[in-house]
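Spelled out, the chains give:
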Amino acid sequence: TSNQMWGGRFAAGPDAIMEAINASIGFDKRMAAQDIAGSRAHAAMLAATGIVSDSDAEAMREGLLTVLSEIEGGTFEFSTALEDIHMNVEARLKEIIGDAAGRLHTGRSRNDQVATDFRLWVRDQLDATEGALLALIGALLVQAEAGADWVMPGFTHLQTAQPVTWGHHMMAYVEMFGRDLSRVRDARARMNECPLGAAALAGTSFPIDREMTAKALGFERPSANSLDAVSDRDFALEFLSTASICAMHLSRMAEELVIWSSAQFRFVALSDRFSTGSSIMPQKKNPDAAELIRAKIGRIFGANVALMTVMKGLPLAYSKDMQEDKEQVFDAADNLMLALAAMEGMVRDMSANRDNLEAAAGSGFSTATDLADWLVRVLGMPFREAHHVTGSLVALAEGKGCDLPELSLAEMQSVHGDITQAVYDVLGVHNSVASRTSYGGTAPEQVRVQVARWKEILG
Ligand code: ARG
């Protein structure tokens, strides 16, 4: 049997195993729309530069639209023997328009073609990620604004540290996802160069117009080095590393939601829409969405490491190893979008339990720092001494099994004689958070400043 694709050079067709290891159509069909957009831009350029006739280019451009509608309509028959999306589209184009299809590949190679298609796909995905991040930030801002003055414990080492506000905690995530947003935008700006026209690796002797195809496909400019253009996958790696950092943020937040929704904390109630029950324990309401977000992050990290590893030893220019880029990126992108959407839904639907937050905020001697600050401010004590005096008061309260505000003035004065009744003003959690008005601090007024700033940034 002769070879369906490489007839000229090859006498025999590939072994079945060869076909199985080589074919990428099973996954790269996801780039069909990008492949067809790239080919349509290329065809128009070939005509504009006089490399093919206007009528041939018109036939190609029309035929490619027919192919696209067949793929979108589900009637297209993908062939593994034709390896990948590029050859599948071209073969079908030939059936539709005849010999003119054979001129489409003039001045181009699958190497610059796949680099272009994949860039377009990743660029679309960066845009989708931007949209999902904006939606999540929007949901967090609603929570932050509603609870700008609700008090809750702030933790270090997951031990009660100082009271903070619910709004402040929500806004911490806004900052994180806001950095993710800016990383997405940076990555998009950097990757927006067009490889098309780099051909196999060296450029082409045809008088192509790379500015024209770059512009038609929404790129800023053609890439400047043909060897780099066909062997660069930085754009995919930047997507994956940006996705990894974002995923890490999602996972931290998911972990907090798991903890906060437990019976021991009861800081939040997750909605039924984002929870599941147990098949045996009727009382259970489990935070599965948060757990799955936390877990899916592993795939995204994995994809990042996998593609870095694929790329790290490749000599210039194209090697078939690079075909392994797509499944990693597709899987990471799908799971990132799912995780972002699930987190947005959970954040929108969750209700903070204000009373429990407030009760927890005051436990664990959380206003000890306020007491020490008071000793410094009112009694003029050096901070180190104030730290020591406060420590003694905490020990006294702990020994009595009570909290700091429950110590009597006499008990306070047994530790330091100058303490007055006024100290009780700083011991309440509301006083504590209201006093932290430094820029970026947890005071409700500062939280509102940040909410307003973000609303303005997002427009
Ligand atoms: N399916 C290939 C890929 O995804 C397309 C490029 C093929 N190029 C080649 N020289 N065999 O990378």
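Residues numbered from 1 in each chain as written. Predicted model: local features only at pLDDT ≥ 70, side-chain atom pairs only at ≥ 80, totals over all residues. Heavy atoms only, no water.

Novice: Help me get a handle on the overall build of the protein chain, residues and values and all.
Specialist: Helix and strand counts for the protein chain stand at 19 helices and six strands. A compact globule built from 459 residues would reach a C-alpha radius of gyration of about 23 Å, whereas the protein chain, at 31 Å, exceeds it by more than 25%. Judged by the C-alpha coordinates and their principal axes, the protein chain covers about 100 × 50 × 40 Å. Considering the protein chain as a whole, with its 459 residues, one finds that 49% of them fall into the buried category. If you sum the accessible surface of the protein chain, you get close to 21,100 Å²; carbon and sulfur atoms cover 53% of it. When the 41 positive and 60 negative side-chain charges of the protein chain are each reduced to one mean point, those points stand 1 Å apart. (Helix = DSSP H or I, 4+ residues; strand = E, 2+ residues; numbered from the N terminus. Rg over C-alpha atoms; globule rule 2.2 N^0.38 Å. Buried < 20%, exposed > 50% of the residue type's maximum accessible area, 1.4 Å probe, protein only. Areas by Shrake-Rupley, 256 points an atom, 1.4 Å probe, with all protein chains shown as cover. Lys, Arg positive; Asp, Glu negative; His and termini not counted. Charge placed at Lys NZ, Arg CZ, Asp CG, Glu CD.)

Novice: Can you break down the UniProt feature "domain: Fumarate lyase N-terminal" (unreviewed entry) in the protein chain residue by residue, with the values?
Specialist: The positions that UniProt labels "domain: Fumarate lyase N-terminal" (unreviewed entry) are, in the present scheme, residues 8-302. Across residues 8-302, the secondary structure splits into 61% helix and 6% strand, with the terminal C-alpha atoms separated by 41 Å. (UniProt positions renumbered as here; feature names shortened; annotations may be inferred.)

Novice: How would you explain the pattern of salt bridges if you had to name every residue and give the values?
Specialist: Evaluated as defined, the whole model comprises 25 salt bridges. Note that R103 and D56 form a salt bridge whose closest N and O atoms lie 3.1 Å from each other. Highlighted residues: R103 in the loop between α5 (85-97) and α6 (110-146) and D56 in helix α4 (residues 54-73), separated in sequence by 47 residues. According to the relative accessible area criterion, R103 is partly exposed, its value standing at 47%. (Salt bridge = Lys/Arg side-chain N within 4 Å of Asp/Glu carboxyl O.)

Novice: Outline the UniProt feature "domain: Argininosuccinate lyase C-terminal" (unreviewed entry) in the protein chain, supporting the account with residue identities and numerical values.
Specialist: What UniProt calls "domain: Argininosuccinate lyase C-terminal" (unreviewed entry) maps, in this numbering, to residues 365-434. Helix makes up 67% of residues 365-434 and strand 0%, with an end-to-end C-alpha separation of 17 Å.

Novice: Give me the lowdown on the packing of aromatic side chains, citing residues and values where you can.
Specialist: Applying the stated criterion across every chain, the model contains 10 aromatic pairs. Ring geometry for F118 and F330: centres 6.4 Å apart, planes at 85°, overall edge-to-face. Linking F118 in helix α6 with F330 in helix α12 (residues 325-349), this pair joins segments that are 212 residues apart in sequence. Judged by its relative accessible area of 0%, F118 is buried. The class for F330 is buried, based on a relative accessible area of 4%. For the pair Y173 and F177, a centre-to-centre distance of 6.3 Å together with 25° between the ring planes defines the contact as stacked. Taken together, the residues Y173 and F177, both in helix α7 (residues 166-191) and four residues apart, mark about one turn of the helix. The same class applies to Y173 as to F177, namely buried. Between the NZ or CZ atom of R123 and the centre of the ring of F219, over which it lies, the distance is 4.8 Å. Geometry around F118 places K326 over its ring, the cationic atom sitting 5.7 Å from the centre. (Phe/Tyr/Trp six-rings, centres within 6.5 Å; stacked < 30°, edge-to-face > 60°. Lys NZ or Arg CZ within 6 Å of the ring centre and 35° of its normal.)

Novice: Give me the environment of D28: which residues, what numbers.
Specialist: Residue placement: D28 occurs in helix α2 (residues 25-28). Counting along the chain gives 34 residues from D28 to E62, while the straight-line C-alpha distance between them is 22 Å. Setting aside its immediate chain neighbours within four residues, D28 contacts D84, I85, K326 and F330. At a separation of 2.6 Å, a polar atom in the side chain of D28 contacts the side chain of S24. A polar side-chain atom of D28 sits 3.0 Å from the main-chain amide nitrogen of I85. (Contact = heavy atoms within 4.5 Å. Polar contact = N/O pair within 3.5 Å; in protein donor to acceptor, adjacent residues only side chain to side chain.)

Novice: Tell me what's going on with the site of the ligand, and back it up with residues and numbers.
Specialist: Inspection of the region around the ligand gives S24, D28, D84, H86, R110, N111, V114, Y318, Q323 and K326 as its neighbouring residues. A distance of 3.0 Å separates a nitrogen atom of the ligand from a polar side-chain atom of D84. Separating an oxygen atom of the ligand from a side-chain N or O atom of K326 is a distance of 2.5 Å. Bound to the protein, the ligand loses 87% of the 350 Å² it would expose on its own. (Near = heavy atom within 4 Å.)

Novice: Quick rundown of the nonpolar core? Include the residues and the values.
Specialist: If you look at the biggest cluster of nonpolar residues, it comprises 97 residues, and the most contacted ones within it are W166, F177, L250 and M343. Among the elements that line this core, the one with the most residues is helix α10 (residues 234-260), at 14 residues. Look past the residues within four positions of M343 in its chain and what remains in contact with it is L136, L250, M253, A254, L257 and I293. (Core = buried A, V, L, I, M, F, W, Y, C linked by side-chain atoms within 4.5 Å.)

Novice: Residue-level account of the side chain of D370, with values.
Specialist: When you line up the elements, D370 lands in helix α14 (residues 368-379). The buried category is assigned to D370, whose relative accessible area is 5%. Sequence-distant contacts of D370, defined by excluding residues within four places in its chain, comprise V426, S432, S435 and R436.

Novice: Lay out the environment of V151 with the relevant residues and their values.
Specialist: Turning to its location among the elements, V151 is positioned in strand β1 (residues 151-156). With relative accessibility at 1%, the residue V151 sits in the buried group. In this structure the C-alpha to C-alpha distance between V151 and H249, which are 98 residues apart in sequence, comes to 23 Å. Residues in contact with V151, not counting those within four places in the same chain, are V164, T165, L357, E358, A361, V429, H430 and V433.

Novice: Requested: an account of the packing of helix α3 (residues 32-48) against α5, with residues and values cited.
Specialist: Where α3 meets α5, the closest approach of the two axes is 10 Å, and the angle between their N-to-C directions is 60°. Comparing the axis directions of α3 and α5 gives the class oblique. α5 is crossed by α3, and the crossing has right-handed handedness. Within the contact between the two elements, α3 uses A32, D35 and I36 and α5 uses I85, H86 and V89. Counted by class, the contact of α3 with α5 contains four nonpolar, one polar and one charged residues. (Axes fitted to C-alpha atoms, helices over the stretch in contact; angles between N-to-C directions. Parallel < 35°, antiparallel > 145°, perpendicular 65-115°, else oblique. Left-handed = near helix turned anticlockwise from the far one by under 90°. Nonpolar A, V, L, I, M, F, W, Y, C, P; charged D, E, K, R; others polar.)

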